[in-house]
Amino acid sequence: MSEPQNSTFRPRIFSGIQPSGGLTLGNYLGALKRFAALQGGEAETIYCVVDLHAITVWQDPEQLKTRIREAAAAFMAAGVDPAKSVLFNQSQVSAHAEMAWLFNTVARVGWMYRMTQFKDKAGKNSENASLGLLAYPALMAADILTYQATAVPVGEDQKQHLELTRDIAAKFNHDYGVEHFPITQPLIEGVATRVMSLRDGSKKMSKSDPSDASRINLTDDADTIAQKIRKARTDADPLPGSAEGLKDRPEARNLVNIYAALSDESVDQVLARYEGQGFGTFKPALAEVAVASMAPITKAMSDYMADPAEIDRVLADGADRAEAIARPILNRTKDIMGLLRTR
Ligand code: AMP
Ligand code: TRP
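Residues numbered from 1 in each chain as written. Chains lettered and ligands numbered in written order. Predicted model: local features only at pLDDT ≥ 70, side-chain atom pairs only at ≥ 80, totals over all residues. Heavy atoms only, no water.

**Some details on the nonpolar core**
Our working definition: By nonpolar core is meant a set of buried Ala, Val, Leu, Ile, Met, Phe, Trp, Tyr and Cys residues that side-chain atoms within 4.5 Å join together. Exposure classes here rest on a 1.4 Å probe applied to the protein chains alone. A residue is buried below 20% of its type maximum, exposed above 50%, and partly exposed in between. Put simply, DSSP H or I for four residues or longer makes a helix, DSSP E for two residues or longer makes a strand, and each gets a number counted from the N terminus. Contacts were defined at the residue level, with two residues in contact if any of their heavy atoms lie within 4.5 Å.
Ranked by size, the top nonpolar core spans 64 residues in total, and within it Leu 25, Tyr 28, Leu 29, Leu 32, Phe 75, Leu 262 and Phe 282 carry the most contacts. Of the residues forming this core, the biggest block, 12 residues, is contributed by helix 12 (residues 279-305). Beyond its immediate stretch of four places on either side in the chain, Leu 29 contacts Arg 34, Ala 192, Val 195, Ile 258, Ala 261 and Leu 262. Ranked by size, the runner-up nonpolar core spans 49 residues in total, among them Ala 95, Val 106, Trp 111 and Ile 329.

**Some points on the site of ligand 1**
The test is simple: Whether a residue is near a molecule or strand is decided by its heavy atoms; if any one of them lies within 4 Å of it, the residue is near. Whenever two N or O atoms come within 3.5 Å, that pair is a polar contact, provided that in protein one can donate a hydrogen and the other can accept it, and provided that, for residues adjacent in sequence, both atoms are side-chain atoms. Only the protein chains shown count as cover for residues, and all accessible areas are computed by the Shrake-Rupley method using a 1.4 Å probe.
For ligand 1, the set of nearby residues contains 17 residues, the closest of which are Gly 155, Asp 157, Val 195, Met 205 and Lys 207. For ligand 1, an oxygen atom lies 2.4 Å from a polar atom in the side chain of Asp 157. Note that a nitrogen atom of ligand 1 is positioned 2.9 Å from one of the backbone N or O atoms of Met 205. In the complex, the protein chains occlude 92% of the 490 Å² of accessible area that ligand 1 would expose alone. The leading source of residues in the shell around ligand 1 is helix 1 (residues 25-37), at 4 residues.

**Some points on the pattern of salt bridges**
For the record, the criterion: A pairing counts as a salt bridge when a side-chain nitrogen of Lys or Arg comes within 4 Å of a carboxyl oxygen of Asp or Glu.
Enumeration over the complete set of coordinates arrives at 20 salt bridges. For Asp 157, the salt bridge identified is with Lys 204, shortest N-O distance 2.7 Å. Pair noted here: Asp 157 is in the loop between strand 4 (151-153) and helix 8 (159-176) and Lys 204 is in the loop between strand 5 (185-187) and helix 9 (222-230), with a separation of 47 residues, a long-range link. Taking the shortest distance from any N to any O, the salt bridge between Asp 335 and Arg 341 comes out at 3.0 Å. Looking at Asp 335, the relative accessible area reads 34%, which means it is partly exposed. Members of the salt-bridge network, linked through shared partners, are Glu 98, Glu 323, Arg 327 and Lys 334.

**Considering the pairing of strand 2 (residues 44-49)**
Defined as follows: The rule for pairing is simple: two strands pair if DSSP sees at least two bridges between them. Orienting the strands away from the viewer, one traces the path from the first strand over the helix to the second; a clockwise path indicates a right-handed crossover.
Taken across its 6 residues, strand 2 has 5 buried, putting it largely inside the fold. Across 6 bridges, strand 1 (residues 12-17) lies against strand 2 in parallel orientation. Within the sheet, the bridge partner assigned to Ser 15 lies in strand 2 and is Tyr 47. Taking the sense of rotation as the criterion, the β-α-β connection linking strand 1, helix 1 and strand 2 turns out right-handed. By the bridge criterion, 5 bridges tie strand 2 to strand 3 (residues 85-89) in an arrangement that is parallel. Counterpart to Val 49 in the pairing with strand 3 is Asn 89.

**Comments concerning the packing of aromatic side chains**
Condition: For this analysis, a ring pair means two rings from Phe, Tyr or Trp (six-membered ring only for Trp) whose centres lie within 6.5 Å, classed as stacked if their planes differ by under 30 degrees, edge-to-face if by over 60, and tilted for the remaining angles.
On inspection of all chains with the given rule, the structure shows 13 aromatic pairs. Between the aromatic rings of Phe 14 and Tyr 147, the centroid separation amounts to 5.4 Å while the plane-to-plane angle is 20 degrees, which identifies the pairing as stacked. Here Phe 14, found in strand 1, pairs with Tyr 147, found in the loop between helix 7 (131-145) and strand 4; they are 133 residues apart in sequence, far enough to count as distant. The class for Tyr 147 is buried, based on a relative accessible area of 0%. With a centroid separation of 6.2 Å and 55 degrees between ring planes, the pair formed by Phe 88 and Tyr 147 is classed as tilted. Of this pair, Phe 88 sits in strand 3 while Tyr 147 sits in the loop between helix 7 and strand 4, and the two are 59 residues apart along the sequence.

**So, the site of ligand 2**
Worth spelling out the cut-off: Gly is put with the polar residues, along with every residue not named as nonpolar or charged; the nonpolar set is Ala, Val, Leu, Ile, Met, Phe, Trp, Tyr, Cys and Pro, and the charged set is Asp, Glu, Lys and Arg.
In the vicinity of ligand 2 lie 13 residues, with Gln 18, Tyr 136, Met 140, Asp 143 and Gln 158 positioned nearest. Residue Gln 158 places a side-chain N or O atom 2.9 Å away from a nitrogen atom belonging to ligand 2. Burial of ligand 2 by the surrounding chains reaches 90%, relative to a free accessible area of 370 Å². Those elements that place two or more of their residues in the shell around ligand 2 are strand 1 and helix 7. The greatest single-element share of the shell around ligand 2, amounting to 4 residues, is contributed by helix 7. Along the lines of polarity and charge, the residues of the shell around ligand 2 split into 7 nonpolar, 5 polar and 1 charged.

**Some points on the environment of Pro 186**
As for its position among the elements, Pro 186 is in strand 5. You can call Pro 186 partly exposed: its relative accessible area is 30%. Separated by 173 residues in sequence, Pro 186 and Ile 13 have C-alpha atoms that sit 9.9 Å apart. With residues near it in sequence (within four places) discarded, Pro 186 still touches Val 152, Leu 162 and Arg 166.

**Let's talk about the domain arrangement of the protein chain**
Convention followed: Domain delimitation follows an automatic or database domain assignment. Accessible-area loss on putting two parts together, using a 1.4 Å probe and summing over both, is the definition of buried area adopted here.
Domain boundaries assigned for the protein chain yield domain 1 (6-193 + 307-337) and domain 2 (212-302). The C-alpha-based centres of domain 1 and domain 2 are spaced at 30 Å. Listed as interface residues are 13 residues of domain 1 and, on the opposing side, 15 residues of domain 2. Buried surface at the junction of domain 1 and domain 2, both sides included, amounts to about 1200 Å², of which 76% is carbon and sulfur. Together, Leu 25, Ala 77 and Val 191 form the three largest contributors to the area buried by domain 1 at its contact with domain 2, with a combined 42%. With its nearest N and O atoms 3.0 Å apart, the salt bridge here joins Asp 264 to Lys 33. Connecting domain 1 to domain 2 are 4 residue pairs in polar contact (both at pLDDT 80 or more).

Set out below in structure tokens:
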């Protein structure tokens, strides 16, 4: 059977972020900033705080609600506008969990064991990981395909999960002889799809890194941001004149990429200005750009958090709108699978 033509599906963008603790500059540049930029185009935009994903590892119930609201606040602070996008938290739209179960019967166990995120998160004692952590990618496929989303903006680390989403869609379409699910396009674009640790250029910047100096948090104040950039690991060479010259300099490349992504310039444009300069000059310049872009976001986030009832109202409205799209697609999926619906 041929691949479904995504042109038969209306253009729809879906993405999600886990509310599992403080968000970083990596989340902002790799995801949130791009989510905001994709609004108002041809495609409808649907953004989700994926709380059901977060609980695949232990979350303190006392903190989880706050973290869900914080993630929603971060979306809005980064420019996701609930008037232009659907913004909601996953657990309020039960179609995600129902679709995930249907996909658990389509996906193969072997596909799940191959996921590098599972291997990383499960660690050595993988027999003791939650079953949800193993099945996580089927839920992610459900998030996307319950909206028949045609494109998904994410950072580089989610590429494998999106390939699995395509495999699930293709297997479903093939097994049932339908063209029900689109073969979703990953949108992994720009210079900041993999922002690296400030302490180690071979590691991804991550909220779970034990060293706080390795990342910039969306809640860091201006002094902290400047200090972390000043202390970031680099090398002793001056900056080259073009991107090619950064090939074997992961720490230097990371800082230049961050600069370019924050200022909406190309790496070559940034290097044209700083060629021949050392980090003594470049780091303060980067700190200035970073503080100028991040301070308004940090401020907006705390303003949103000062009014949790308003966040809850946005999420309730978003959940209603998400539900209205998801439910008919879920029902159609059940019909295709032969499940009896009498109401
Ligand atoms: P998570 O915080 O794992 O839910 O990730 C949310 C989004 O941020 C996903 O699209 C990730 O790919 C993206 N992301 C997380 N860390 C980074 C990073 N260091 N660089 C670029 N994108 C990232
Ligand atoms: N797995 C993603 C992450 O860890 C979060 C996520 C869940 C997601 N469902 C999604 C991203 C659907 C894009 C689309 O970052």
